[in-house]
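So the chains spell out like this:
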Amino acid sequence: MGEIGLPRCMFLWSVAGIYLFAFASLYVQIPGLYGNEGIVPVRLVVPQSERPLLDQLKASPTLLVLGPQLGLDPQQAMELVCLLGALLALGAVLLHPLRNSVVFLCLWALYFSLCQVGQDFLQCQWDSLLLEAGFLAVVVAPLLCGGSSLKLHDPLTFWLTRWLLFRVTFGAGVAKLAQGDSEWWSLSALSHHFEAQGSPNPLSWYCHQLPGWLLKLGGVLQLETELIVPFLFFAPIRCLRLAAFYLQVLLQLGSLLTGNLSIMGLLTIALCFSLLDDSHVGAWQGHKTKKKPKTWMQTIGSLVTLLLELGVLALMIYSAVELFQLRIDWEQKIVLSKTKFTPQQFADVLKLITVPSIWLGVLSLTWEVVAAMLGCVCARGVLSKLWALLQWAIFSAVAAAIFALTLVPYTATEGVSNGKMMSEVRKVYNVVEPYGLVSAYGIDHKALKEDGRPEIIIEGSMDQQKWTAIEFMYKPGKVDRAPALVSPYLPRLDWQLWEVAQGPQDSPWFTGLVQRLLQGKKDVVRLIQMDEAQYPFSQSPPTFIRAGLYKYWFTETSQDGSQPQHWWRRHFVEEFYPAVQLGDPELERMLRVHGLKEKHPVQPLSDSPLSQALVLVRGHVCTLSGPLLLLALIATVASVCLVRYIMGQKARSAAPEGKSRKAKDPQPAADKNKGKKESSEDRTQDSDRSPRKRRK
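A brief structural summary. Small disclaimer: the values here were computed from a predicted structure and weren't measured.

### What about the overall build of the chain?
- Regarding its fold elements, the chain presents 25 helices and 6 strands.
- Burial analysis of the chain (696 residues in total) assigns 47% to the buried set.
- The contacts of the chain with a sequence gap of at least 6 include a subset with a gap of at least 24, amounting to 76%.

### Observations concerning helix H15 (residues 343-377)
- For H15, spanning 35 residues, the distance from its first C-alpha to its last is 50 Å, which sits close to the expected 51 Å at 1.5 Å a residue.
- Restricting attention to buried positions, one finds in H15 the residues Phe 346, Leu 350, Thr 354, Ser 357, Ile 358, Gly 361, Ser 364, Leu 365, Glu 368, Val 369, Ala 372 and Cys 376.

### What about the environment of Leu 256?
- Mapping Leu 256 onto the fold places it in helix H11 (residues 238-257).
- Along the sequence, Leu 256 and Ser 487 sit 231 residues apart, while their C-alpha atoms lie 8.2 Å from each other.

### Describing the nonpolar core
- Grouped together as the largest cluster of nonpolar side chains are 178 residues, with contacts concentrated most on Tyr 19, Ile 39, Phe 104, Ile 458, Leu 493, Trp 509 and Phe 510.
- For this core, the element with the most residues is helix H1 (residues 5-34), which contributes 17 residues.
- Not counting chain neighbours up to four residues away, the residues in contact with Phe 510 comprise Ile 456, Ile 458, Leu 497, Ala 547, Phe 576 and Tyr 577.

### So, the sheet that holds strand S5 (residues 544-554)
- Ordered in space as S4-S3-S5-S6, the 4 strands form an open sheet in which the pairing is antiparallel. If you trace the sheet from one side to the other, it starts and ends with strand S4 (467-469) and strand S6 (568-580), each paired once. Between one strand axis and the next, the sheet turns through 35° on average, direction left out of account.
- Two strands pair when backbone bridges link them, and strand S3 (residues 453-461) and S5 are joined in this way by 9 bridges, in the antiparallel orientation. Of the residues in S5, the one forming a bridge with Gly 460 is Ile 545.
- Where helix H19 (residues 508-519) meets the sheet, it contacts S3, S5 and S6, and its direction lies at approximately 85° from that of S6.

### Let's talk about a nonpolar patch on the surface
- A cluster of nonpolar residues, Leu 303, Leu 306, Leu 307, Leu 310, Leu 313 and Ile 317, forms a patch on the protein surface that exposes about 590 Å² of accessible area.
- When you line up the elements, Ile 317 lands in helix H14 (residues 296-323).

### A few points about the packing of aromatic side chains
- Tallied over the entire structure, the rule returns 41 aromatic pairs.
- Judged by centre distance (5.2 Å) and plane angle (80°), the rings of Phe 510 and Phe 576 are edge-to-face. In this pair, Phe 510 sits in helix H19 while Phe 576 sits in strand S6, placing the two residues 66 residues apart along the sequence.
- Assessed through its relative accessible area of 27%, Phe 576 is described here as partly exposed.
- Counting every residue linked through ring pairs, the aromatic cluster contains Trp 159, Trp 163, Phe 166, Phe 170, Phe 231, Phe 234, Phe 403 and Tyr 410.
- The residue whose ring lies beneath Lys 475 is Phe 472, and the NZ or CZ to ring-centre distance is 5.3 Å.
- The ring of Tyr 550 carries the charged tip of Arg 570 above its face, separated from the ring centre by 4.6 Å.

Cut-offs applied
- Residues numbered from 1 in each chain as written.
- Predicted model: local features only at pLDDT ≥ 70, side-chain atom pairs only at ≥ 80, totals over all residues.
- Heavy atoms only, no water.
- Helix = DSSP H or I, 4+ residues; strand = E, 2+ residues; numbered from the N terminus.
- Buried < 20%, exposed > 50% of the residue type's maximum accessible area, 1.4 Å probe, protein only.
- Contact = heavy atoms within 4.5 Å.
- Expected span 1.5 Å × (residues − 1).
- Core = buried A, V, L, I, M, F, W, Y, C linked by side-chain atoms within 4.5 Å.
- Pairing = 2+ DSSP bridges.
- Axes fitted to C-alpha atoms, helices over the stretch in contact; angles between N-to-C directions.
- Patch = residues over 30% accessible without salt bridge, like charges linked within 9 Å, V, L, I, M, F, W, Y side chains within 5 Å.
- Areas by Shrake-Rupley, 256 points an atom, 1.4 Å probe, with all protein chains shown as cover.
- Salt bridge = Lys/Arg side-chain N within 4 Å of Asp/Glu carboxyl O.
- Phe/Tyr/Trp six-rings, centres within 6.5 Å; stacked < 30°, edge-to-face > 60°.
- Lys NZ or Arg CZ within 6 Å of the ring centre and 35° of its normal.

And the structure:
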């Protein structure tokens, strides 16, 4: 693999930008989710304690325990952590020197502190992936300054991001088939995916209208990209890695365009940069490399490489045709597809390839270790060589340790027992698992169902006779309202409502939501509707609250191609939450069971300058919606980058002009001296001719 300076910079810049989105979108939602009058008040998770600080950190490893020392309550401590994370991430996006290990370690610690107290709202798969990718950014980034100079061990640490990319993509593909999802086995998953995904957008409706055979073909391409293509990440041939990069990026771009699950797709694209090298990224920037004449041996090698590339491409096409029985129906002009293998055959093959895939990773990592060692040995100077070898030894040990730890969740995800692994590795994994350094991916795959998209509709009433639905800004509700476009904002409450609608699971926060709606708490209402005119109980809170489970489907276009009047169709399934009111014995019991019952009165805010500054910032931000705030940040970053680019272009264009002027008007030193002598001689002659000298 070639130089990786530019791809590494792209990876670090992308991780910093994703941190910015995550911190900013969470900051907007803190009062409604974790505030003193929020759904699950964070003060119930981080109560004030008189114990020593170290004991508190051991019991709850989060920076929020420092809040009392700063004169802040838990909600304000959480807001401070979010603001610090957003500012650090924004600085890392805009300033190259800030993309270093120290800054990324701070970002990881801040986000980890939030996840420790975030409960269900901060336990999504993309939160785990951001923590792991953020930790790898600490290892990949330069130590103190974001300089562009590369160390000899940098390709070794950057390889870890490629292994994480393999685990994420391959785990996602395996989960679709290994967990017995009938829709993926019948290749009809995309026919229901666009309406059943966590957060659809308007383009999802149009994709849902595509012909069934085309959606089936898209399912085949997605399974091929997630199950077969990931093995090309470790291919020794550069073109195969580049082909894998473009296939993965196209898949993620399609996911980003047809849904609002942006953080997962953006993180995967950031990891895909590990498949690139400087020469390919330089070609994007218009840097042309001079082609050197090849010897006959190099020509033969290029031909052999080309044959291997064509062979791999042909093998992939053949596997897709045979495994999914792709056939062209020339009469109807469609492509037919059907899964040829059985679930048992897939399970057998999965067990068969899991261990070889691990050895493939070991071989690829060993190659990077040996290449880095050879580079250190070839360094000039004895001291430089020893220093390079010392760094190589340290980072090789770190990379090997991280790789070994990832094998525990990797083998568990693939359904292979890890009992034969060293007990020491499992013990270390159990120690680091709570810190989110290594995670499993694909295990929480939600099976698609053709019987519709489950949605929870919350209704309020004043007299239990007339019920009014409470419409959310970002989730489906009224059938005539288009799906929202919110990416890259993450509406945590709407996402959790979709999660809990999937099936029976413990969701204590829902009781907290019902209580706050009955109390009419404005911070919670802002999570549902920013515009008070759109909230039916803006004047006075409802006396009763209930929730029902509905099934939603996208509407279909008619045979003549005309579009329907509504986006959705729905029907009632069953009661999800019974009608309750404040003081209801059942509501009080559930609040006590879930630990949401107030035990101590809320303490007033302190008068410290930091506390007052946080109140001032919150007062300016509370009127902005989450998507608007993130769009403002994106516009700010884009404007700064554009101004920087224009100034750089002017500076580069001005430099050649200055050089050309110097080249056109050179005056050699000898000519200058000659001119000085001539002028002095002229002055001497003039002085000799003066009248005073003639009188003498």
